[in-house]
Structure formats: structure tokens, C-alpha cells
Amino acid sequence: MSDAGQGSEVAEQTPEQRRERRRVAWRGARRALWRPGFRATVGELLTGLTEAAPDVYDLDLPVDMYGNGIVETLEERVAALLGKEAAAFFPSGTMAQQVALRCWAGRTGNATVAMHPLSHPEVHERHSFSALSGLRTVHPTSEPRMPSADEVRDLDEPFGALFLELPLREAGFLLPSWEKLVAVTDAARERDAVVHFDGARLWECGTHFGRSTAEIADLADSVYVSFYKSLGGFGGAALAGPRTLVDEAKAWRHRYGGQILQQFPTALSALIGLERELPRLPEYVAHARVVAAALREGFAAAGLPWARVHPEEPHTHQFQVWLPYEADDLTDAGTLQAEETGVSLFPQVWDLRGPGLAYTEVTVGAPGLEWTADDVRAAVREFVARIPR
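Residues numbered from 1 in each chain as written. Predicted model: local features only at pLDDT ≥ 70, side-chain atom pairs only at ≥ 80, totals over all residues. Heavy atoms only, no water.

Where an unreviewed UniProt entry is consulted, the chain appears under the name Threonine aldolase, with the organism given as Streptomyces dioscori. A UniProt comment under Sequence similarities (unreviewed entry) is attached to the chain, and it reads "Belongs to the threonine aldolase family." (UniProt positions renumbered as here; feature names shortened; annotations may be inferred.)

Shown next as C-alpha cells:
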């Protein structure tokens, strides 16, 4: 069957059939730039956990109960890594940040939070701040970048907290320069506001800033970090900051339903990620820049009318790719490439962002380190050959 015929066959399937076909194709691919744990099987995750767990925790200790034991060990480790007095484990980042901003509102007496309209709570959390805590958000800028110090300083109404997502995912995993980050946090404090970092991907920001994680976190009054987005954990998050804030946050964690009986599998996976993945993140960031350059070269050589890798030099190990085609056609091309060549260059679904314009996210993890620039360029040729044109 021709590529066009195979693409037509994919398009005629139901959405459920297409999702399953993508899943099977991705799992069957011998090469990929990233293999996230959420696409593994239960058996694979359990095997990995039991093999690695003895290296990070004494398994003869009692199981955790309502946040003690291994959960406390994880909290102490995170607080030390971030240079904060204390940290609290949460089952999700959504809950952690909801609690953090609620606590700060009580302390500052101002329930207004200044944040970017592309921030995760605004885009992906069903307006949780206003629905659950009576918080109100204002936007210093709508530009697809971090707000500037002047925009924060000149915001025309008071706010109690400045919320900064590092990196700003929806804008392309973008980070400001270190000087601009310092300036914008200083501007918030000139407004008598506290600073909170949405650091779901903070772990991999050090390469761009040329600073340690603790130095970055020191610019904020509180920081949320994720255990699964970059570290490969099963889930979970932590909120770090002053001990008095963390103690209050733990009380709200209980009220929000986050005081769960046992969390040892998630806590173990987080400790494994801190031990194994955290030291490798600078490698991933460096190689993401090699991959991004090779993608640009590959698209140019393939003669596409237009292509964009954004940012051109990734700030972290994740970035966006934009192409002038229909999203479904690009998604199907990725499926066909994985099925027919065993190489999964773009395993993610492509999202439509305009007439005949779509983008996808690229992540470079441990498997991606095996790809040379030539490998990437060859994979681009194979991918482009499967786009209906």
C-alpha cells in the first residue's frame, strides 16, 4: 500500500482506534527521543521500581502513614535541594499551588495573583484559583514570554503574589535571562508582593541560567516542583518555602483531601528520579540543542515551504516544532513512520493552531542521547515523506 493509501486508512479510523494505533506504534518503535513512564505498562513500572528502590531507601523501615516515614524523607531531600526551610509533599501540582497561593493570600491580605495568561492554572486547571479559593488573577502581559520588570512594576492594580512559571511551557518552554528574572522578582517586591515559582520543570533550568537549583529557588518565597515531568516519577509534587508556610500548607493539604494514607510507591519513584534523572538533566538540555539544530537542517533540506523550531536554541530539554500542515495529517505521519521504520520522531499528537498550521512538543531524554545529528536529519526525511501533500 502507498503512503497516501496508508494515511487514508489511518484517517478513516475512529479516534479511539487511532489512539490505540499510535500507542502500539510508539511502543513498538526501536528508537525514540524520549520514553515517558506514563506510556509504560503496570508491570514495567513495578519492575523498575523494585529494582531501583533499594538504592534510595531502606525498605525494612515501616511503611508511611499519612505523610510520615518515606514521605518526610522526600520532603527533607527536596527542601535541601531547593535551599528552603521545609517542603510538603502533595499528590498533585494543582493542589500544591492552590494551597500555596491561598496561604499567601491570607498572609498578604490580598487575594489577587499576577500571572501570565498562558500559565498552567489559567490554561489547564478549570479556573481552580477562583473556583476553590476566591483568588483573582491579573495579567501583567499577554505576550508569549515572561513579563518584564516594568510590566510588573506598572501593573495598574495591587496584587499579593507574583506567579512565575519556569519555564513557560505554552510559549515554548521559554525562560528569561537570569538578569531579567532577578529584575522581575525585585519589581514584585517593590510592590510588596511575594513571589511564587511554578517550577514543575525547574529541575532542568540550571543550564540556561548557569545557576544551581537552590540559587534559582532563592529568588522566590515559595516554589512548587514536580516529580514526574522531568524526573520520571509516578506523580506527586512538593511545595517548598518558609517552615511556617509549609506547616500551614500541610493543614490545607489535609482539608483538600491530600493527606493520603500511603504514598510510598510515588515517594519511592520520586527519590529514584532525584537520584538517577536529576544529575542527567544537563546532558538532556545540551543534546536537545543538537536535536533542535538537526531538525531545522532536516526540514530545510526536505524543501518544506516553512518550518519553525521554537526556540531555535532550546532553553530546557523541551521545545516546540511548528509546521504548515493539518494537525491530523502530521499525527498520522508520525504513526506511519513508527510503524514502518521503527523510528518515532514525533510521538506526540500535533495540535492545530491556525488554518493549516500545527505544532507539537519535543522532549529529549535518555534515549535521545543515542541520536546523532545525522540520525535526526534522516528521521526528518522519513517523516516528511509521509506527510500528505
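Participant: Describe in detail the pattern of salt bridges, supporting the description with residues and values.
Facilitator: Summed over all chains, the structure comprises 22 salt bridges. Of the charged contacts in the structure, one is a salt bridge between arginine 280 and glutamate 283, with a shortest N-O distance of 3.4 Å. Its relative accessible area of 31% is what places arginine 280 among the partly exposed residues. For glutamate 297, the salt bridge goes to arginine 377, with nearest N and O atoms at 2.5 Å. Of this pair, glutamate 297 sits in helix H14 (residues 281–301) while arginine 377 sits in helix H16 (residues 373–384), and the two are 80 residues apart along the sequence. Through salt bridges with shared partners, a single ionic network connects Arg18, Asp328 and Asp332. (Salt bridge = Lys/Arg side-chain N within 4 Å of Asp/Glu carboxyl O. Buried < 20%, exposed > 50% of the residue type's maximum accessible area, 1.4 Å probe, protein only. Helix = DSSP H or I, 4+ residues; strand = E, 2+ residues; numbered from the N terminus.)

Participant: Outline helix H5 (residues 93–108), listing residues and values.
Facilitator: In a regular helix each residue adds 1.5 Å, so 16 residues correspond to 22 Å; H5 covers 22 Å between its end C-alpha atoms and thus fits that length. Along H5, the positions that sit buried rather than exposed are Gly93, Met95, Ala96, Gln97, Gln98, Val99, Ala100, Leu101, Cys103, Trp104 and Ala105. (Expected span 1.5 Å × (residues − 1).)

Participant: Help me get a handle on the sheet that holds strand E5 (residues 161–165), residues and values and all.
Facilitator: The strand order E2-E8-E7-E6-E5-E3-E4 describes an open sheet built from 7 strands, whose pairing is mixed. With partners counted over all chains shown, the strands left at the sheet margins are strand E2 (86–90) and strand E4 (136–138), one partner each. Neighbour to neighbour, the strand axes of the sheet diverge by 25° on average, direction disregarded. Of the pairings in the sheet, the one linking strand E3 (residues 112–114) to E5 comprises 2 bridges and is parallel in character. Note that in E5 the partner of alanine 114 across the bridge is leucine 162. The strands that helix H4 (residues 70–82) touches are E2, strand E7 (222–226) and strand E8 (237–241); relative to E2, the one it contacts most, it runs at about 130°. (Pairing = 2+ DSSP bridges. Axes fitted to C-alpha atoms, helices over the stretch in contact; angles between N-to-C directions. Contact = heavy atoms within 4.5 Å.)

Participant: Could you give me a rundown of the pairing of strand E6 (residues 194–199), with the residues and numbers involved?
Facilitator: Within E6, 6 of the 6 residues are buried, leaving the element largely enclosed by the surrounding structure. Both faces of E6 are covered, namely the face carrying Val194, His196 and Asp198 and the face carrying Val195, Phe197 and Gly199. Examined bridge by bridge, E5 and E6 share 5 bridges and lie parallel to one another. Looking at E6, one finds that phenylalanine 163 is bridged to histidine 196. Following the backbone out of E5, through helix H9 (residues 178–190) and into the adjacent parallel E6, one traces a crossover that is right-handed. Summarising the sheet, E6 and E7 pair through 4 bridges and their orientation is parallel. Paired with phenylalanine 197 across the strands is valine 223, a residue of E7. (Right-handed = clockwise from strand over helix to strand, strands pointing away.)

Participant: Any chance you could break down the packing of aromatic side chains for me, citing the residues and the numbers?
Facilitator: Across all of its chains, the model carries 10 aromatic pairs by this definition. A ring pair is formed by phenylalanine 89 and phenylalanine 227, whose centres lie 6.1 Å apart and whose planes are at 10°; its orientation type is stacked. With phenylalanine 89 in strand E2 and phenylalanine 227 in the loop between E7 and E8, the pair connects residues that are 138 residues apart, well separated along the chain. The pair phenylalanine 89 / phenylalanine 227 is uniform in exposure class, with both members buried. Relative to tyrosine 359, the ring of tryptophan 322 has its centre 4.9 Å away and its plane inclined at 20°; by these criteria the two rings are stacked. With tryptophan 322 in strand E10 (residues 318–323) and tyrosine 359 in strand E13 (residues 357–363), this pair connects stretches of sequence that are 37 residues apart. Since its relative accessible area comes to 19%, tryptophan 322 is described here as buried. Tyrosine 359 gets classed as buried once you look at its relative accessible area, which sits at 4%. Its end group placed over the ring of tryptophan 26, arginine 39 keeps NZ or CZ at 5.1 Å from the ring centre. The side chain of arginine 255 reaches across the aromatic face of tryptophan 252, ending 4.4 Å from its centre. (Phe/Tyr/Trp six-rings, centres within 6.5 Å; stacked < 30°, edge-to-face > 60°. Lys NZ or Arg CZ within 6 Å of the ring centre and 35° of its normal.)

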